[in-house]
Amino acid sequence: MMMQNTKAKAKGNISSVFASLGASKSSLEPRFVTLKEEITPEDPDVLQASFDRLLASFGKEKEEIKQKGSAVVPEIHIDDIKNNGGSLPEDVAACVRKRGALVVRGLIDRKEAQDYKTQIKAYINDHRDKMIGYPEDNPQVWELYWTKAQVAARANENFAIASLALNKLWYAHPDTPVDLTKPLTYCDRLRIRQPGDSNFALAEHVDGGSLERWEDPEYRQVYDKILNGRWEDYNPFDATHRINAEMDLYEAPGGCSMFRIFQGWVALSDITPGGGTIRVCPLIKEQTAYYMMKPLLEQHKDQADFMGAWPGRCHDISKEHHSPIVDCMVSIPPVQYGDGVFWHCDQVHAVEPKNEMKTEDSTVLYIPSVPMCQRNSEYLKRQRDAFLNGRTPPDFPGNHCEETIDLRAKENDMTEQEKIGMGLLPFPAVSESEQQKTTYGQRQAMKQHNDILGFQ
Ligand SMILES: [Fe+2]
């Protein structure tokens, strides 16, 4: 059974997570050379040949990416998902499978999104003495989780529709205890990046652990085909071995305890490329194959170095080690108030160095898509306790800024939908015939969820 790191986190801010914001690094132990030996094919030519084919593919794809720029990132309006029965139309779905990311227009009504920002800014202003953020003297990322606006946005019906449509791109073995149709809520921070800000720049990185992708046997199985020299056969959308993968072997200060099938945010500003927005590498299969394979090639095999993967940190992607990935990075297209952006859990992403917009802040609420599975239900229980007490969610630095703020979201003023996602209410019971349409794995996930949250 998977163990979750349940230790309380020290005070701090988002800078503890990222080497590019000043987090420290250490060198790797020699055992990592042995690990390389254990997980690579006996014949080094197998991996090298695969890597050569990968470089050729990058070369081909790069031309289109350079030509189209941000436009390679697919987009769809939420109404088009609804009009298609809650699924992505096949052409968009195929594009997301290739690119890994999606912009969903109109996720939250523009006026509602504007109201959210007004509320959040008032909440910060009214309690400025209690608030912490990064950087400390002029925060752009706030250690703030329980504004009513955040709680409402996370449970927005359209957000659930979009994330369920995206989850349909995924597969899990029918016996795998996960339900991709039952979204849970992960409570993250928010960013209000002021015009001209260049403090909150994040270099290219991957979340969801770093060395764990090679070191944990279950996590490693996700990448089995890549590690065996057949990257073309790798399916980035197979969740079977991700559910119980150990993504945090080193008690990372900023590690996410939930399995985020897609990371995401919702815009509370009109943000153009150059406006301090997110950048992604829009080749999900190739980029993953690249950073997984390269440290294992024969010429790097005797070095205890996984090229930017450090214990307890996210995986840094750099020009030095991963130039084809960095060369293909694109900013996402312009977004408006209420648009959502989703990117695959293995996707290399970065935050533009500066918000170049003259007058507009670059504001987003971080909201990932998280399916129901044991790991996520366990964290939900701890997060629920934090919410009820107004404390910081357990994954984040223990600042507890909102504990004494009366205006924070409370259980009494939440909708049923908000309560279900937060584990305050069970998912509604389904009929016998509906139940029969579910897989064994879905029923297991529901049983675990109800047991963990005390609903039986
Ligand atoms: Fe990230």
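See the structure above.
Residues numbered from 1 in each chain as written. Predicted model: local features only at pLDDT ≥ 70, side-chain atom pairs only at ≥ 80, totals over all residues. Heavy atoms only, no water.

Asks: Please give an account of the nonpolar core that cites residues and values.
Replies: In this structure, Leu 88, Val 104, Trp 170, Trp 214, Trp 265 and Phe 306 are the most contacted members of the largest nonpolar core, which totals 111 residues. The element that contributes the greatest number of residues to this core is helix H11 (residues 284–293), accounting for six residues. Sequence-distant contacts of Phe 306, defined by excluding residues within four places in its chain, comprise Leu 28, Phe 32, Leu 35, Lys 36, Leu 211, Trp 214, Pro 295, Leu 296 and His 315. Core analysis: the next-biggest nonpolar cluster, separate from the first, contains 24 residues, Leu 184, Met 258, Val 370 and Tyr 379 among them. (Core = buried A, V, L, I, M, F, W, Y, C linked by side-chain atoms within 4.5 Å. Buried < 20%, exposed > 50% of the residue type's maximum accessible area, 1.4 Å probe, protein only. Helix = DSSP H or I, 4+ residues; strand = E, 2+ residues; numbered from the N terminus. Contact = heavy atoms within 4.5 Å.)

Asks: Tell me about the packing of aromatic side chains, and name the residues and values.
Replies: In the structure shown here, the tally under the stated rule is 14 aromatic pairs. With 6.0 Å between their ring centres and 75 degrees between their planes, Phe 32 and Phe 306 make a pair best called edge-to-face. One end of the pair, Phe 32, is in helix H1 (residues 31–39); the other, Phe 306, is in the loop between H11 and strand S10 (315–316), and 274 residues separate them in sequence. Considered together, Phe 32 and Phe 306 belong to a single accessibility category, that of buried residues. Directly above the ring of Phe 306 sits Lys 36, whose terminal nitrogen or CZ lies 5.0 Å from the centroid. Across from the ring centre of Trp 265, 6.0 Å away, lies the NZ or CZ of Arg 191, which sits over that ring. (Phe/Tyr/Trp six-rings, centres within 6.5 Å; stacked < 30°, edge-to-face > 60°. Lys NZ or Arg CZ within 6 Å of the ring centre and 35° of its normal.)

Asks: Describe the packing of helix H13 (residues 374–388) against helix H16 (residues 440–453), and please don't skip the residues or the numbers.
Replies: Packing of H13 against H16 brings their axes to within 9 Å, and their N-to-C directions diverge by 25 degrees. Comparing their axes, H16 and H13 come out roughly parallel. The chirality of how H13 crosses H16 is right-handed. Counting all contacts with H13, which are made through Gln 374, Ser 377, Glu 378, Leu 380, Lys 381 and Arg 384, the residues of H16 involved are Gln 448, His 449, Ile 452 and Leu 453. When its residues are assigned to classes, the contact of H13 with H16 shows three nonpolar, four polar and three charged. (Axes fitted to C-alpha atoms, helices over the stretch in contact; angles between N-to-C directions. Parallel < 35°, antiparallel > 145°, perpendicular 65-115°, else oblique. Left-handed = near helix turned anticlockwise from the far one by under 90°. Nonpolar A, V, L, I, M, F, W, Y, C, P; charged D, E, K, R; others polar.)

Asks: An account of helix H5 (residues 110–126) is needed here, citing residue identities and associated values.
Replies: Between the first and last C-alpha of H5 there are 24 Å, a value that for 17 residues agrees with the 24 Å anticipated at 1.5 Å per step. Of all the positions in H5, only Ala 113, Tyr 116, Lys 117, Ile 120, Tyr 123 and Ile 124 are classed as buried. One side of H5 holds all its buried residues, which, seen down the axis, span an arc of 125 degrees. Of the residues in H5, the exposed ones pointing more than 90 degrees away from the buried face are Thr 118, Asn 125 and Asp 126. Capping the start of H5, Asp 109 holds a side-chain oxygen 3.2 Å from the backbone nitrogen of Lys 111, two or three residues further along. (Expected span 1.5 Å × (residues − 1). Arc of directions from axis to C-beta. Polar contact = N/O pair within 3.5 Å; in protein donor to acceptor, adjacent residues only side chain to side chain.)

Asks: Any chance you could break down the coordination of the iron ion for me, citing the residues and the numbers?
Replies: Donor atoms from the polypeptide that coordinate the iron ion comprise His 205 (NE2), Asp 207 (OD) and His 349 (NE2), at 2.1 to 2.2 Å from the metal. Here the donor residues of the iron ion share one chain and are spaced in sequence as H-x1-D-x141-H. Taken together, the positions of His 205 in strand S7 (residues 202–206) and His 349 in strand S13 (residues 349–351) put the pair 144 residues apart, joining distant regions of the chain. Overall, His 205 belongs to the buried group, its relative accessible area being 2%. (Donors = N, O, S within 2.8 Å, 3.2 Å for Na, K, Ca; no water.)

Asks: So what's going on with the environment of Asp 188? Residues and values would help.
Replies: Inspection of the secondary structure assignment puts Asp 188 in the loop between strand S5 (178–184) and strand S6 (190–193). It is 8.0 Å that separates the C-alpha atoms of Asp 188 and Leu 144, two residues lying 44 residues apart in sequence. Aside from chain neighbours lying at most four places away, what touches Asp 188 is Leu 144, Tyr 145, Gln 150, Arg 154, Arg 260, Tyr 366 and Phe 396.

Asks: Describe the pattern of salt bridges, with residues and values.
Replies: Inspection of every chain in the model, using the stated rule, returns 29 salt bridges. Its salt-bridge partner being Lys 117, residue Asp 361 comes within 2.7 Å of it at the nearest N-O pair. With Asp 361 in the loop between S13 and strand S14 (362–366) and Lys 117 in helix H5, this residue pair connects regions lying 244 residues apart in the sequence. Taking relative accessible area as the criterion, Lys 117 reaches 7% and is therefore assigned buried. Within the structure, one salt-bridge network assembled from shared partners comprises Lys 117, Lys 121, Glu 360 and Asp 361. (Salt bridge = Lys/Arg side-chain N within 4 Å of Asp/Glu carboxyl O.)

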